[in-house]
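In case you want the letters, here they are:
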Amino acid sequence: MRPLSAPKRSAKNALLLALGTLVNPGDEVLMPDPCYACNANFVHLYGGVPVYMPVGAGQAFQPGLADIKAAWTARSRGVVLASPANPTGTLIDRAEFTSIAAWVHDRGGFVIMDEIYQELVYGQDPWTALSACPDTWVVNSFSKYFGMTGWRLGWMVAPQAGVRPSSGGVAAVASTAP
C-alpha cells in the first residue's frame, strides 16, 4: 500500500483534511485530555463528537490501551494522538501505541498521530507511528521539524485507502507555499 504524502498549507490544514475525510456527523473521536486545544474544534467542524480521555502524570499524560477500551463505544470512529504531545511534551510508548493502533484498526477505526514535535525529542531516538502501524494517518510540520516557525508548511501521510477520499479536499483547504 502506497501512502499519500503531500504538502499541506500547514499541519492544521492536514489535520482538518484527515478529519474531514474520516469523520461523519455523530461519529465519536477519542482524544486525551489535555491535548491540542484545536482538536475538539476540528472534530466539531465535521459534526463529530470529541470524547476526552483524562490522562495524568502517572501515565505520562498519554492514554493507554485500557483508556481507549474504556472510552470506545458503538459510535466511536477513531483516535487522535500526539507524540510528543501538545501541551505536555510527553511521548507515547511505542509498544503501547502499537497495541492501541492494532485494537482500533481491528474495530474498523482510524488513528491520527500528530508528530509535529517529533524532532524535539532529547535523550532517546524519535520514532514515527508509521514504523509501528503503516495504516496510521500522520500529520507533521516543517515549522517545528526544521525550525521554520511562521512558514506554516505541513504534510500528511495517509493510508492508501484514504488517498482518493482525501485528495478531493486538498484544493479546498490547502494551497502551495508563498
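Residues numbered from 1 in each chain as written. Predicted model: local features only at pLDDT ≥ 70, side-chain atom pairs only at ≥ 80, totals over all residues. Heavy atoms only, no water.

The geometry of helix α1 (residues 11–22) relative to helix α2 (residues 38–45) is characterised by a closest axis approach of 9 Å and an angle of 40 degrees between their N-to-C directions. Accordingly, the angle class assigned to the pair α1 and α2 is oblique. As for how α1 packs across α2, the hand of that crossing is right-handed. Here K12, L15, L16 and L19 of α1 lie close against α2, whose contacting residues are C38, N39, F42, V43 and L45. Split into classes, the residues belonging to the contact of α1 with α2 amount to seven nonpolar, one polar and one charged. (Axes fitted to C-alpha atoms, helices over the stretch in contact; angles between N-to-C directions. Helix = DSSP H or I, 4+ residues; strand = E, 2+ residues; numbered from the N terminus. Parallel < 35°, antiparallel > 145°, perpendicular 65-115°, else oblique. Left-handed = near helix turned anticlockwise from the far one by under 90°. Contact = heavy atoms within 4.5 Å. Nonpolar A, V, L, I, M, F, W, Y, C, P; charged D, E, K, R; others polar.)

Enumeration over the complete set of coordinates arrives at two aromatic pairs. Both rings, one in W72 and one in W103, keep their centres 5.6 Å apart while their planes meet at 85 degrees; by these two values the pair is edge-to-face. Remark: W103 occurs in helix α4 (residues 94–106) and W72 occurs in the loop between α3 (65–71) and β4 (76–82); sequence separation between them is 31 residues. What makes W72 buried here is its relative accessible area of 15%. (Phe/Tyr/Trp six-rings, centres within 6.5 Å; stacked < 30°, edge-to-face > 60°. Buried < 20%, exposed > 50% of the residue type's maximum accessible area, 1.4 Å probe, protein only.)

The next thing to look at is the pattern of salt bridges. Inspection of the entire model under this criterion finds one salt bridge. The residue E28 makes a salt bridge to R75 at a minimum N-O spacing of 3.0 Å. Of this pair, E28 sits in strand β2 (residues 28–33) while R75 sits in the loop between α3 and β4, and the two are 47 residues apart along the sequence. For E28, a relative accessible area of 8% corresponds to the buried category. Looking at R75, the relative accessible area reads 46%, which means it is partly exposed. (Salt bridge = Lys/Arg side-chain N within 4 Å of Asp/Glu carboxyl O.)

Turning our attention to the nonpolar core. Counting 24 residues, the largest nonpolar core has L19, V29, F110, I112, W137 and M156 as its most contacted members. Those elements giving two or more residues to this core turn out to be α1, β2, α2, β5 (110–114), β6 (137–141) and β7 (154–158). With eight residues, the top contributor of residues to this core is α1. Judged by nonpolar contacts, the second largest core, of 23 residues, contains I68, L81, I92 and A101. (Core = buried A, V, L, I, M, F, W, Y, C linked by side-chain atoms within 4.5 Å.)

Glancing now at the side chain of D27. Topologically, D27 is positioned in the loop between α1 and β2. Buried charge without a partner: D27 forms no salt bridge, and the closest opposite charge is R77, 4.3 Å away. Within polar-contact distance, the side chain of D27 engages the backbone nitrogen of N24 at 2.7 Å. The residues touching D27, leaving out its near neighbours within four places in the chain, are L22, G48, V49, R75 and R77. (Lys, Arg positive; Asp, Glu negative; His and termini not counted. Polar contact = N/O pair within 3.5 Å; in protein donor to acceptor, adjacent residues only side chain to side chain.)

Without other data, these values stay purely geometric and don't point to any function.
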